[in-house]
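Chain by chain, the residues run as shown.
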Amino acid sequence: MNFISTRGQSPIIQFSTALSASLAPDGGLYVPESFPHFNPAQFASLANEDLSLAKIGREIFAPFIKDHATGLRAEISSICKRAFDFPIPLIPLSENTSVLELFHGPTAAFKDVGARFLRECLDTLSESKTLQKRSTILVATSGDTGGAVAAAFHRHSEFEVFVLFPKGRISPRQEKQLTCWGDNIHSIAVHGTFDDCQRLVKEAFQAFNTPTLAHQRSFTSANSINIGRILPQSFYYAVSSILHYKKTGKATGFIIPSGNLGNSVGALWAKEMGFPIRQVVLACNANRSVPEYLQSGIWKPHSTVATLANAMDVGNPSNIERIRHLFPEIERLKKEVAAFSVSDQEIQNTIAEDWKTLGRAWCPHTATAAFVRKSLPQDEHWVIVSTAHPAKFETIVEPLIGETLEIPPALSEILSKPSQYVDIQPALENLMKELSK
Ligand SMILES: *Cc1c(COP(=O)(O)O)cnc(C)c1O
């Protein structure tokens with residue numbers, strides 16, 4: 001299987017090269033040249049214990065690394081087993097609504113799935129000497145990515161990880177998850193927004209791509225521009241759509257809290273591969289670029305607005321390129337995807353109301369999807385995709401429900417560690433100083 005750039009001006013490459021390159025030389029994002037096709041009936045005959053993320057993930061991943069000379073193919077089972085060693089339950093909420101809980105990993109958000117899969121693949125490539133040099137991983141985070149990547153790569157000493165986060169703009173527990181590691185993880189508090197962090201990472205890539213510096217380090221991004229984070233996000237949509245199909249013979253729809261659109265691309269790719277998915281609905285916060293695009297057909301990114309669902313505070317989502325590449329015609333896109341914008345007030349109301357009526361505490365991101373569910377046809381089945389544990393956002397959720405949330409054990413262990421980070425102003429020279437220490 002080959003991988004191509006969304007902008008069509010870069011050489012065709014294989015998965016492992018796309019993994020370490022992150023961004024294509026023409027500035028586009030890597031996507032599969034075509035998709036393998038799976039038959040739902042073939043999976044529906046399996047027992048539920050064989051419908052695990054590790055087992056189905058292996059089936060889906062295999063065709064993407066077919067004809068692949070690296071060590072990935074030989075290690076495919078252990079890559080999937082080690083990456084996906086936590087549950088991702090699909091829990092019925094009412095007759096026509098279920099919840100897909102993606103937050104049972106080490107940092108209590110769905111980013112653990114992609115970060116751990118990327119770690120396993122890069123570890124394997126490093127052991128098979130496909131990666132030549134000690135690698136530096138740069139990641140800009142709006143809150144949850146940095147923690148997941150730091151947790152995944154901590155003490156994998158062939159990688160040095162730099163996490164850039166917008167100081168004061170993430171929840172206290174998110175900050176703790178970014179800053180508690182030490183060793184090969186370096187946390188950098190940027191006095192600016194997420195967009196500043198993302199810009200600095202891009203500028204550093206460009207600076208290190210000049211011939212004089214290129215030999216010194218090999219750079220990789222662990223943001224969702226990296227194909228190694230996107231592909232595994234199709235696996236849980238495959239598994240949960242099959243579980244529903246097995247029970248009912250029908251396809252379900254997914255409502256996905258969306259920001260940079262990496263999670264949604266995973267769902268759309270699973271649908272392309274033939275898994276029984278009826279529709280994909282994007283629940284956005286007050287950052288309205290995507291809902292507006294689906295209405296007007298004109299792509300016009302906005303600057304980022306800060307909201308209660310901070311991990312979705314993205315005004316110019318990079319993965320829109322992958323979606324537009326998949327559906328270049330707006331009419332087709334509109335048939336496959338719908339998008340809604342949800343306000344902070346609606347997020348707060350939904351958290352309070354659903355706690356009372358359902359006894360469920362949503363994180364602010366999941367609350368956008370729970371809100372959108374109420375406006376979709378009640379006689380169709382929908383899955384609310386739950387992207388983070390509410391206890392990560394206790395300062396928002398607890399006052400709304402009037403109770404203290406129990407902290408998952410993996411999270412409480414992290415919270416007991418001391419923090420360490422450096423502060424920088426958002427200029428490239430400051431970041432370069434940190435990278436060269
Ligand atoms: C990252 C994140 C999102 C948004 O996911 P994208 O892939 O960027 O669209 C939603 N919810 C939570 C909790 C997140 O951490």
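Residues numbered from 1 in each chain as written. Predicted model: local features only at pLDDT ≥ 70, side-chain atom pairs only at ≥ 80, totals over all residues. Heavy atoms only, no water.

Asks: In this structure, what is going on with the sheet that holds strand E8 (residues 218-221)? I would like to understand it.
Replies: Each strand in a sheet pairs with its neighbour through backbone hydrogen bonds, running either in the same direction (parallel) or in the opposite one (antiparallel). An order of E8-E5-E6-E7-E13 is seen for the five strands of this open sheet, with the pairing classed as parallel. The open sheet terminates on both sides in strands that have one partner only, identified here as E8 and strand E13 (422-424). Put simply, the sheet's adjacent strands are angled 25 degrees from each other on average, direction ignored. Note: strand E6 (residues 159-166) against strand E7 (residues 185-190), six bridges, orientation parallel. Note that in E7 the partner of Val-163 across the bridge is Ser-187. (Pairing = 2+ DSSP bridges. Helix = DSSP H or I, 4+ residues; strand = E, 2+ residues; numbered from the N terminus. Axes fitted to C-alpha atoms, helices over the stretch in contact; angles between N-to-C directions.)

Asks: Help me understand the site of the ligand, please; the structure alone is not making it clear to me.
Replies: Around the ligand, the surrounding shell holds 15 residues, and the nearest of these are Lys-111, Asp-144, Gly-259, Asn-260 and Leu-261. Here an oxygen atom of the ligand and a backbone polar atom of Asn-260 are 2.8 Å apart. For the ligand, the protein covers 97% of the area, taking 380 Å² as the surface of the free molecule. A per-class count over the shell around the ligand returns six nonpolar, seven polar and two charged. (Near = heavy atom within 4 Å. Polar contact = N/O pair within 3.5 Å; in protein donor to acceptor, adjacent residues only side chain to side chain. Areas by Shrake-Rupley, 256 points an atom, 1.4 Å probe, with all protein chains shown as cover. Nonpolar A, V, L, I, M, F, W, Y, C, P; charged D, E, K, R; others polar.)

Asks: Honestly, the environment of His-37 in this entry has me stumped. Any pointers?
Replies: Along the polypeptide, His-37 turns up in the loop between strand E2 (30-32) and helix H2 (40-44). The exposure class of His-37 is exposed, given its relative accessible area of 66%. Taking the C-alpha atoms as reference points, His-37 and Met-273, 236 residues apart in sequence, are found 4.7 Å from one another. If sequence neighbours within four positions are ignored, His-37 has contacts with Glu-272, Met-273 and Gly-274. (Buried < 20%, exposed > 50% of the residue type's maximum accessible area, 1.4 Å probe, protein only. Contact = heavy atoms within 4.5 Å.)

Asks: Explanation requested: the layout of surface pockets in the structure shown.
Replies: The method is simple in principle: a probe with the dimensions of a water molecule rolls over the atoms, and the space it marks as empty is what remains. Of the volumes computed, that of the second largest pocket is approximately 380 Å³. Lining the second largest pocket are 20 residues, and of these Ser-98, His-244, Lys-247, Thr-248 and His-381 sit closest to its centre. Of all the secondary structure elements, the ones that give two or more residues to the lining of the second largest pocket are strand E3 (90-94), strand E4 (97-101) and helix H11 (235-248). Per element, the largest residue contribution to the lining of the second largest pocket is five residues, and it comes from H11. (1 Å grid on protein atoms, 1.4 Å probe; cavity = no way out; pocket = protein on both sides within 12 Å on 5 of 7 lines; lining within 4 Å. Points joined across faces, edges and corners; volume = space filled by probe spheres on them.)

Asks: What am I meant to see in the sheet that holds E3 here?
Replies: Read across the sheet, six strands follow the order E3-E4-E12-E9-E10-E11 without closing on themselves; strand pairing throughout is mixed. Both edges of this open sheet fall to E3 and strand E11 (337-341), since each of them pairs with a single strand only. The average undirected angle you get between the axes of adjacent strands in this sheet is 25 degrees. Pairing analysis gives four bridges linking E3 to E4, with the strands arranged antiparallel. For Pro-92, the partnering residue across the bridge sits in E4 and is Ser-98. Sitting on the sheet, helix H17 (residues 364-375) is in contact with E4, strand E9 (252-257), strand E10 (277-284), E11 and strand E12 (382-386), with an inclination near 165 degrees to E12.

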